[in-house]
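# A structural walkthrough
If you want the building blocks of each chain, they are given just below.
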Amino acid sequence: MKIFKTIIAALLVVCALFMIYTSYTAKDSLPGLLERMDPQNLAETDSQMQRAKKRVTDGLMEDNKEKTLRGLERYLNGFADKLVIDTQVQYELFAYQNGPSMIAGGLLLLVAGIVLILSAYCKIAQARRLGIHVLLITVLFVGVYILENTVGANSMLMMVLKKGAIYALVAVAMNLLNGFTGLFSLGQAGFMLIGAYVYAIFSIETGNRAQVYQYYAGGLIQFSLPTLVSIALAGLAAAFFAYLIGLPVLRLKSDYLAIATLGFAEIIRAVFQYDGLGPITNGSNLLRKFPVFETVLFPFAVAGVCILLIALMIHSTYGRAFKAIRDDEIAAEAMGINLYHHKQMSFVISSFFAGVGGALLAMYQTTVQAKAFTAAMTYEILLIVVIGGMGSISGSILASFLFVAASEWWLRFLDNATVIGNFKVPLLRSGFRMVVFSVVIMAVVLFYRQGIMGDKEFSLSKLRDRFTRGKGGAGRV
Amino acid sequence: MNNFISANLPYLLAGISVGGQYALIAIGYTMVYGILRLINFAHGDIFTVAAYLMVYMNATMPLYISLPMTIILTVLLGFGVERVAYKPLRQAPRMSIMISAIGVSYLLQNLMWYVTGGLAQQYPTIPFISNTVRIFGATTKIVTLITPVLTLVLVMMLSLLIHRTKIGLAMRAVSRDFETSRLMGIKINNVISVTFIIGSFLAAIGSMLYFSNYTAVTPTAGAMPGLKAFVAAVFGGIGSIPGAVIGAFIIGICENIIKALGLTTFSDAFTFALLIIVLVFKPTGLFGEAVYEKV
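Residues numbered from 1 in each chain as written. Chains lettered and ligands numbered in written order. Predicted model: local features only at pLDDT ≥ 70, side-chain atom pairs only at ≥ 80, totals over all residues.

Before going further, it helps to spend a moment on the overall build of chain B. A tally of helices and strands in chain B yields 11 helices and 4 strands. Taking 295 residues into account, the globule formula puts the C-alpha radius of gyration at 19 Å, and chain B, at 19 Å, falls close to it. Reported as C-alpha extents along the three principal axes, the dimensions of chain B are approximately 60 × 45 × 35 Å. Burial status across chain B gives 49% buried among its 295 residues. Long-range contacts, defined here as pairs at least 24 residues apart, represent 77% of the contacts in chain B between residues at least 6 apart. (Helix = DSSP H or I, 4+ residues; strand = E, 2+ residues; numbered from the N terminus. Rg over C-alpha atoms; globule rule 2.2 N^0.38 Å. Buried ≥ 20, exposed ≤ 12 C-beta atoms within 10 Å, placed from the backbone. Contact = placed C-beta atoms within 7 Å.)

Pasting the structure below:
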């Protein structure tokens with residue numbers, strides 16, 4: 001068994017290294033490849049073919065990958081009968097066209113190989129489990145990356161994935177507060193607003209400031225910070241405000257806390273639109289021209305790291321204290337948990353990540369305006385948390401992708417008037433999507449109160465148990 | 001002096017008027033909270049639906065039919081919302097009911113958006129109360145003067161209902177102790193339904209008065225007045241009807257004073273700042289009773 005695993009692992013690693021190597025060298029070999037496809041140099045005699053070939057080499061000279069690929073495709077399709085394409089050439093062409101995906105795939109195989117070796121030789125069960133999780137995460141990232149390179153960065157799927165990842169972070173942050181600590185807070189949109197604004201304000205490039213702040217003489221701040229620093233600052237600013245507002249409001253009981261935090265979000269929204277703060281916040285005008293992300297991997301990575309931190313926190317002693325407070329405040333206090341201190345901590349941390357989520361949302365939207373961060377946004381996130389299950393991180397993540405996909409994509413058809421034959425489908429017109437959507441949400445809230453996951457987490461070992469131990473309740477322990 | 005009055009009187013009148021309208025909404029919040037311990041987030045949207053009903057019915061029917069029909073349909077809606085969205089959750093944790101209320105609010109807003117196409121509708125002019133009058137050199141609509149009077153009359157009638165009738169007695173009992181009053185043979189569900197009916201009735205009247213002044217009706221037009229009315233209810237001490245009315249008048253007047261000072265951006269923010277201050281220093285509000293939690 002051990003030797004078997006080792007051999008497979010070695011094969012995987014070799015395969016991986018080969019894939020990474022070929023896609024790295026593919027670029028250098030493209031001119032040679034063009035020669036080999038056209039051994040009799042027919043292009044010399046055919047001017048059309050000559051031009052098509054030149055387009056490829058031009059793209060190569062300019063180091064413009066997109067242009068090269070487009071040219072290559074046209075060249076291959078147009079003159080397929082004249083070119084000699086054997087398997088070797090085919091493979092190298094594939095490696096060139098799918099270079100990034102190949103590297104990603106190679107990386108995946110590499111991690112798989114390492115995990116396999118780990119599972120064969122490592123005696124520590126924890127390390128093995130960690131290995132499997134690392135493998136899964138790699139699969140996820142590689143999958144998303146390959147998908148992005150095949151379906152295009154601006155496709156609907158990618159939009160959903162980007163927004164879903166951001167909402168997942170914000171929903172998990174809200175779940176930390178509402179689901180794990182039992183504090184019913186409705187200030188999420190306010191903290192996201194702070195995050196989005198702080199990110200935008202500090203990351204707009206100095207050269208663009210005059211244009212963005214055209215009504216305020218170029219604005220007050222005349223420097224710009226790197227993207228990641230600005231994102232961290234966005235989180236810190238949200239956390240700072242949370243600390244301040246937490247001082248008074250966290251002493252309130254459940255629904256008073258809800259309404260106070262909701263009110264706080266409204267105040268923040270008004271303050272950021274205030275004309276007197278214009279040199280900093282641009283008043284009620286848009287903030288724009290700040291760095292945005294080009295690849296879907298960025299929100300995935302940032303949201304992933306943040307969610308991981310929240311998950312680690314929930315599994316620590318602090319997390320257990322939070323749950324104790326949620327289940328019974330008085331008993332928790334009697335057990336020596338400092339109620340106020342822990343509530344404050346949960347509130348500040350949740351707001352920190354809401355701020356980071358706000359910064360990501362700003363990047364996703366490419367513009368920021370305070371008007372958009374209304375109570376309705378908080379309600380949406382709350383509904384995501386409820387659909388996923390109060391007190392389940394994986395539930396929140398799952399629900400946010402479902403929520404975004406359903407509201408932005410899958411239910412789109414409900415908004416378009418449809419005619420089948422002579423029959424005009426009734427009710428279908430603009431706005432119907434959201435009606436159906438909110439009815440579904442109400443159904444979940446009323447009849448399926450636990451949400452998708454309840455307070456359980458997605459777990460590999462439980463999933464495996466269910467598959468290996470056969471059907472029936474035996475696997476559910 | 002005369003100039004000063006004619007310059008500032010409109011703001012004061014508008015404040016009193018809008019305060020009366022908030023009061024009518026706030027009563028709905030405070031009564032539901034008193035009995036169910038629930039912030040009925042959908043109340044503001046019921047208020048908006050009432051406005052839309054009026055817009056659509058007035059287009060096809062004469063006023064003497066559309067006016068009572070609006071009130072009846074709004075009441076039915078409030079009753080229906082309670083039966084469908086809150087009643088099944090009576091044994092559930094309080095957070096679930098609140099989430100259900102948020103869900104209803106979301107649904108109603110989306111439904112209004114769908115039906116109207118999201119465009120602002122012009123609220124019909126109701127004869128007589130939409131007419132303008134001049135007092136002390138200030139021009140205003142009659143509705144501004146009628147609102148506080150009508151509000152006070154309705155509140156007095158409500159107070160008679162609560163203190164002099166059997167159902168009022170039942171309501172007071174249920175708000176004091178839910179479980180015990182059930183054991184005493186009070187039909188809880190009926191009492192709750194009556195509460196929602198009264199709340200929606202007052203919201204329908206409030207909506208007529210409010211939108212006669214601010215005539216653009218959009219699906220989210222009721223959200224802000226709704227929240228402010230809730231703040232008013234908390235300010236006055238939630239569960240207390242006189243408290244809600246006084247709180248609403250104070251908020252309405254303060255808000256318009258702030259507008260008069262030229263800080264319109266902050267008129268909404270002020271309300272919520274007031275809320276946070278009240279909650280921190282006197283969580284029970286002006287007239288609320290302190291509740292002690294037993295272990």
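Attention now goes to the overall build of chain A. Regarding its fold elements, chain A presents 20 helices and 2 strands. Across the 477 residues of chain A, 39% fall into the buried class. Counting only contacts in chain A whose residues sit at least 6 apart along the sequence, the fraction spanning at least 24 positions is 78%.

The subject of this paragraph is helix α2 (residues 43-60) of chain B. A rise of 1.5 Å per residue sets the reference length of α2(B), with its 18 residues, at 26 Å; its end C-alpha atoms lie 26 Å apart and thus fit the reference within 8%. Inspection of α2(B) places His43(B), Gly44(B), Asp45(B), Ile46(B), Phe47(B), Thr48(B), Val49(B), Ala50(B), Ala51(B), Tyr52(B), Leu53(B) and Met54(B) among the buried residues, and these make up the whole buried set. (Expected span 1.5 Å × (residues − 1).)

Turning next to helix α5 (residues 142-164) of chain B. End to end, α5(B) covers 33 Å across 23 residues, agreeing with the expected 33 Å (1.5 Å per residue, within 8%). Val143(B), Thr144(B), Thr147(B), Pro148(B), Thr151(B) and Leu154(B) are the residues of α5(B) that are buried.

Turning our eyes to something else, we now look at the nonpolar core. Grouped together as the largest cluster of nonpolar side chains are 196 residues, with contacts concentrated most on Leu169(A), Ala26(B) and Leu275(B). If sequence neighbours within four positions are ignored, Ala26(B) has contacts with Ala229(B), Ala232(B), Ala233(B), Ala244(B), Gly247(B) and Ala248(B). (Core = buried A, V, L, I, M, F, W, Y, C linked by C-beta atoms within 7 Å.)

Taken domain by domain, chain A holds domain 1 (2-145) and domain 2 (154-411). Using C-alpha coordinates to define each centre, domain 1 of chain A is positioned 39 Å away from domain 2 of chain A. (Domains from an automatic or database assignment.)

Attention shifts here to the interface of chain B and chain A. In this complex, chain B contributes 35 residues to the contact, which on the side of chain A involves 35 residues. Secondary structure elements with two or more residues in the side of chain B that touches chain A: α4 (94-116), α9 (223-236) and α11 (266-281) of chain B. Considering every element that reaches the side of chain B that touches chain A, the biggest residue donor is α4(B), with 15 residues.

In this section: the confidence of the model for chain B. For chain B, mean pLDDT is 86; residues scoring 70 or higher make up 95% of the total. For this predicted complex, the interface score ipTM comes out at 0.84, while the overall pTM is 0.83. (pLDDT = per-residue confidence, 0-100.)

Residue and element names in this part refer to chain A. Between helix α13 (residues 297-314) and helix α16 (residues 339-365), the shortest axis-to-axis distance is 11 Å and the interhelical angle comes to 170 degrees. Relative to α16, the element α13 lies roughly antiparallel. Between α13 and α16, the residues in contact are Pro299, Val302, Ala303, Cys306, Ile310 and Met313 and Ile349, Phe353, Val356, Leu360 and Tyr364, respectively. Looking at the contact of α13 with α16, its residues break down into 11 nonpolar, no polar and no charged. (Axes fitted to C-alpha atoms, helices over the stretch in contact; angles between N-to-C directions. Parallel < 35°, antiparallel > 145°, perpendicular 65-115°, else oblique. Nonpolar A, V, L, I, M, F, W, Y, C, P; charged D, E, K, R; others polar.)

What follows deals with the packing of helix α11 (residues 254-273) of chain A against α11(B). Their axes nearest at 8 Å, the elements α11(A) and α11(B) cross at an angle of 145 degrees. Crossing hand, α11(A) versus α11(B): left-handed. Residues Tyr256(A), Ile259(A), Ala260(A), Gly263(A), Phe264(A), Glu266(A), Ile267(A), Ala270(A) and Val271(A) of α11(A) pack against Phe266(B), Asp268(B), Ala269(B), Phe272(B), Ala273(B), Leu275(B), Ile276(B) and Leu279(B) of α11(B). Among the residues forming the contact of α11(A) with α11(B), the class breakdown is 14 nonpolar, 1 polar and 2 charged. (Left-handed = near helix turned anticlockwise from the far one by under 90°.)

Another point: the environment of Gln273(A). Tracing the sequence through the fold places Gln273(A) in helix α11. Owing to 20 C-beta atoms within 10 Å, Gln273(A) belongs among the buried residues under this scheme. In the structure, Gln273(A) is positioned 98 residues away from Lys371(A) in sequence and 8.1 Å away in space, judged by C-alpha atoms. Every residue in contact with Gln273(A), bar those within four places of it in the chain, is listed here: Gly283(A), Ser284(A), Ala370(A) and Thr265(B).

So, on to unusual backbone geometry. Not every positive phi belongs to a glycine, and Asn282(A) is a case in point at roughly 65 degrees. Among the secondary structure elements, Asn282(A) is positioned in the loop between α12 (278-281) and α13. Note on Asn282(A): 26 C-beta atoms within 10 Å, which makes it buried. Non-glycine residue Arg37(B) carries a positive phi angle of around 55 degrees. Relative to the helices and strands, Arg37(B) resides in the loop between α1 (2-36) and α2. Residue classification places Arg37(B) among the partly exposed residues on the basis of 17 C-beta atoms within 10 Å.

Here we take up the environment of Pro291(A). Residues and elements named next belong to chain A. Relative to the elements of secondary structure, Pro291 occurs in the loop between α12 and α13. For Pro291, a count of 16 C-beta atoms within 10 Å puts it in the partly exposed group. Spatially, the C-alpha atoms of Pro291 and Gln90 are 39 Å apart, while their sequence positions differ by 201 residues. With residues up to four places along the chain from it excluded, the contact list for Pro291 reads Ser203 and Thr227.

Model confidence for chain A is summarised by a mean pLDDT of 83, while 97% of its residues fall at 70 or above. Mean pLDDT values for the elements of chain A range from 72 in helix α20 (residues 460-468) of chain A up to 94 in α16(A).

Let's shift gears to the environment of Lys5(A). Residues and elements named next belong to chain A. Locating Lys5 in the fold gives a position in helix α1 (residues 2-37). Using a count of 15 C-beta atoms within 10 Å as the deciding quantity, one classes Lys5 as partly exposed. Distance from Lys5 to Thr418, taken between C-alpha atoms, is 56 Å for residues 413 residues apart in sequence. Beyond its immediate sequence surroundings of up to four residues, Lys5 is in contact with Leu116, Ser119 and Ala120.

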